[in-house]
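Chain by chain, the residues:
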Amino acid sequence: MHTAFAQTSDADNVARVEITGSSIKRITKEGSLPVQTLTRADIEQSGANNVADLVAQLPSMQGFITSSTSVNGGGNGVQTASIHAIGTQYTLVLLNGRRMAPYGTGSAVNLASIPLSAVERVEILTDGASTLYGSDAIAGVVNFILKKNVHDLTIEGTFDAPQKSGGKSGNISITKGFGDLETDGYNVLLAYSHDEQKELNSIQRDFAKSGVQKFTHNGKQYATWQTSINSTPANVEVLNPKLDIDEVLNTDLLNKGSCTQTNTFSRSGACRFDYPATVQLLPELKRDSVFASGKLRINKETTVFSELVLSKFTNTARYAPAAQPLTVFSTDPVSGIKTTNPNYIDAYNKSIVPLLGRVGVNPADVSDALWYYRGADAGGRTDEYRTDAAHFVLGIDSSYAGWDMGASYTHSQNKQTDQALAGYMSGDKFEELVRTGAYNPFVSNAGAAAVLAPAVLHQQLDVVKSKIDVIGAHASREVFELPGGAASLGIGADFTKQTYQDTPSKIAMGPGPGNPGWTDVEIGGGTGAQALDASRTNWGAFGELLLPIAKNLEATTAVRYDSYAAVDKKNVSYDSNGKASPSGKVGEDVAKATYKLSVRYTPTQQLLLRGSYGTGFKAPTMNNIADPLKNAGSSNPFPCPIKVATDPRYVYCRPGSSEYALLDVGNPATGAGALKAEESKQATLGFRLEPSTMISFGMDLWDVKLKNQIRTYSQDQLYTKAELNQYIAVYADPIQKSNVLVAIRKPLNLATAHFQGLDWDTTFRAATPIGKASVNWTGTYMLKAEQDVPLVGTEKSIGRFNSYDDVVFRVISKVVFALKTSEKLTNSLTVNYRSGYHDKPLTEDDAAVRIVNADGSIGAAVDMVRDVKSYTTVDYQIKANYIKNLTLTAGIKNLLDQDPSFTVRNSGGGNQVGYDGRYSDPLGRTFYVSAAYKF
């Protein structure tokens, strides 16, 4: 990573260039804002073979979405950036300084759409609220700058192979340039790349191959207990109020004495399913990208340019077979009327009723029978998440009367599809197989996969289209003289129209109650989704003034005004009571002026001091405002949140800790209840010291405060805080075909947040008898990461889990040791470090950790408070170019084959158990080789 500032005594002879974070062209030197730069050499040294992996290596990045979270559907095939753990939604990702179409309705971009082979360098502005790009860049800006003015034909290829099985990857790219802008007056660049990564399954790594992982803590042996009561054959819970009996039974256990199906464990009368043994740790990824750019010099002052990026990215994720709790029959607690489900009652009478006497239950006294079924016979759920992205820019740069001017039009769009490849079933077809006796979910079925095959879905589950059109213009010039030189003014404006369409398949449509499109249900997926078709326009204008107060003192002032129109919702949706929400304008207009002040002072040629202070704001996204009610799956296990027996919702409580449902919905209110824009204040204070050409050291203290932060209450908060019972509702679940308790998550201006930390960068260079040596040490030390939520209080997340199950690392650092023994040979060793943290505290009610008895059997659930150890990996690389025009690189990632740090965390992350896939790499020691040849 390069951050050193240029030292030159003749600035007039240095070409003026654009610097990320400023609208004013200036000489290439370290400015008043902290900008980290990854050169092409840095990118190659990293060993990363895609943009997401490259970004994830940066110490300043925390809290992003990884490919592993797509396993179990949580990530939907998306990979993102997040500066300083502030959040993906506050980090603005640009391509050549221009916005890309987001994957949702905010500004967060899917990094998987950017081809790494076309990237020349990456500039990371770690200070927020840029006036040039928009005041919503609260955490900062990541600007991917693509190759330009290339003349050669270059072919590159890389192959990665872990020492253990699974997870192989590779890529190939071809780049060709035509013409030279300076001599020929034009340049055209064409590039194509293809990337692949094979899947990595949990059973291929010992540390994650089962939900039951034995470990030692304080001298005693325990085991994780990440198993599910939803199993095959179905476990059945029968309630007998006369005897106060709540019994769970399974036909395999009662008739065969053991759980006979693969990946099942016996416990308390049930056969529990070991779902972590069936998931992937990393999904299969494929990417094809085309990049084309052209520049044409019209005359000495004017250049026309165009860019086109096309990419197709697929993420094929497989996870546990579908779980389906369902009510076979139930006695209404109010009327006393027993309601049965005719599709399942015959199988229940045939298989379960004859066994009730063996557990002391009279079939006539059973008031409720609930099943906990898992469609293992249908196979693991497999989604192909595909993103087709197109990004087109047409623009002009010119100069006139001392002004450097530019204007451009950007059209950027992506289409995301979710295709069911396996494991999902049509509820109607499944029930027909049960009703006719072809398939009995209460017993082990021979040849069950073939029987269920007609019910398995092979169709598109969802289509999301996101598009932005942006027209922008800017200009800058020197305006007057100051003691330190000429003051420069930059001005500009932009107009954006954003559209978003989410179209679930008919089988996923529903609830809603009252939704005329709902017919079937989707077992194992998102039944309960509703469509959204929305658009919004916004415009902004900015001004920036660079003031060289003295030869060694420079100040910059900037102001920006942004205006966002209300959301135009084009379709009707329904709430949980079946009430229609009509189309039209929802939410309210929001607008605000923001500013930034920054200073750069160089008391000596070797020392730079800098500081900045600014404000920002972020409008509610269209999803925040207009999202219809959607089924968001099931919660973690919780005791029932309704404690008062006279509460009408109390009758829907389940015994002990149970998984309840989650619903998500937007907040379309206007007036006093409308969502307000989030507001921020940012400040930085830093220095760079270069006492000689051998050593450079820099450090920046940064501080970000947010108010009116738009969040939903977490499921932990909703299910454990009595004050939030207003968000607990009774919902007619379309799959279970009965009323269930749900928590409704609705975005509110809920929180204030405070983030603070130190970024540092130090480089030492020296000539040695065996070559030129260098050491580069970069890192981030977090001082604050806290959020204050009403009724909940202040949550601190540095080195500990917050209620959203996120962790902020106190320290992330990276040290690169390099030795260039000749112009033809370079070696490097990289040490990556993440500090340890307090593991997620678990209680006996969580039932996620159990004691291991002396005989090795699994005992009772226990409380658990422990720590996750720090995580250090070492990478090695050798680079040689002994043959003209051919560069060969070989390396070993995770040279010491360090397993991820063990954790008992019991939620999220794609159902991986034993480690946290968001924070560590499960591949282990990995060998790679790459070659690049220029013709």
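These figures come from a predicted structure and were not determined experimentally.

Focus: the sheet that holds strand S43 (residues 738–745)
So, step 1. Pairing is mixed in the open sheet, where 4 strands are placed in the order S38-S39-S43-S42. Looking along the sheet, the strands with just one partner apiece sit at the ends: strand S38 (630–638) and strand S42 (728–733). Within this sheet the neighbouring strands show an average axis-to-axis angle of 45 degrees, counted without direction.
So, step 2. In this sheet, S43 lies alongside S42 in antiparallel orientation, the contact comprising 6 bridges. Bridge pairing in S43 links Ile728 to Ala743.

Observations regarding unusual backbone geometry
So, step 1. For the bond running from Thr232 to Pro233, omega is -5 degrees, close enough to zero to count as cis.
So, step 2. Topologically, Pro233 is positioned in the loop between strand S13 (220–224) and strand S14 (235–240).
So, step 3. Not every positive phi belongs to a glycine, and Asn149 is a case in point at roughly 55 degrees.
So, step 4. In this structure, Asn149 sits in the loop between strand S7 (140–146) and strand S8 (153–162).
So, step 5. Phi is positive for Asn218, close to 50 degrees, though the residue is something other than glycine.
So, step 6. Tracing the backbone shows Asn218 in the loop between strand S12 (214–217) and S13.

Considerations on a positive patch on the surface
So, step 1. Where like charges cluster on the molecular surface, the positive patch consists of Lys681, Lys705, Lys784, Lys796, Arg800 and Arg810.
So, step 2. Take Lys796: it is sitting in strand S46 (residues 793–796).

Brief notes about helix H6 (residues 427–435)
So, step 1. Of the positions making up H6, those classed as buried are Gly427, Phe430, Glu431, Leu433 and Val434. Looking straight down H6, one finds that the buried residues subtend no more than 155 degrees of arc, so they occupy a single side.
So, step 2. Here the buried face of H6 lies against strand S21 (323–331), helix H4 (342–351), strand S23 (368–374), strand S26 (425–426), helix H7 (448–452) and strand S29 (522–523).
So, step 3. Two residues or fewer after H6 comes Gly437, characterised by a positive phi angle close to 85 degrees.

Concerning the state of the cysteines
So, step 1. In this structure the tally under the stated criterion is 2 disulfides.
So, step 2. Through a disulfide, Cys259 is tied to Cys271; the S-S separation comes to 2.1 Å. Its S-S torsion of about -95 degrees marks the bond between Cys259 and Cys271 as left-handed, since a negative value means left-handed. With a gap of 12 residues between them, Cys259 in the loop between helix H3 (251–256) and strand S16 (264–267) and Cys271 in strand S17 (residues 270–273) connect regions that are remote in the sequence. The residues Cys259 and Cys271 share a single accessibility class, namely buried.
So, step 3. What pairs with Cys640 in a disulfide is Cys653, and their sulfur atoms sit 1.8 Å apart. Disulfide Cys640 to Cys653: torsion about the S-S bond roughly -50 degrees, handedness left-handed. Residue Cys640 is found in the loop between S38 and strand S39 (658–664), and its partner Cys653 is found in the loop between S38 and S39; the two are separated by 13 residues along the sequence. Each of the two residues, Cys640 as well as Cys653, counts as buried.

So, how was this worked out
Residues numbered from 1 in each chain as written. Predicted model: local features only at pLDDT ≥ 70, side-chain atom pairs only at ≥ 80, totals over all residues. Heavy atoms only, no water. Pairing = 2+ DSSP bridges. Helix = DSSP H or I, 4+ residues; strand = E, 2+ residues; numbered from the N terminus. Axes fitted to C-alpha atoms, helices over the stretch in contact; angles between N-to-C directions. Patch = residues over 30% accessible without salt bridge, like charges linked within 9 Å, V, L, I, M, F, W, Y side chains within 5 Å. Areas by Shrake-Rupley, 256 points an atom, 1.4 Å probe, with all protein chains shown as cover. Salt bridge = Lys/Arg side-chain N within 4 Å of Asp/Glu carboxyl O. Lys, Arg positive; Asp, Glu negative; His and termini not counted. Charge placed at Lys NZ, Arg CZ, Asp CG, Glu CD. Buried < 20%, exposed > 50% of the residue type's maximum accessible area, 1.4 Å probe, protein only. Arc of directions from axis to C-beta. Contact = heavy atoms within 4.5 Å. Disulfide = S-S within 2.5 Å.

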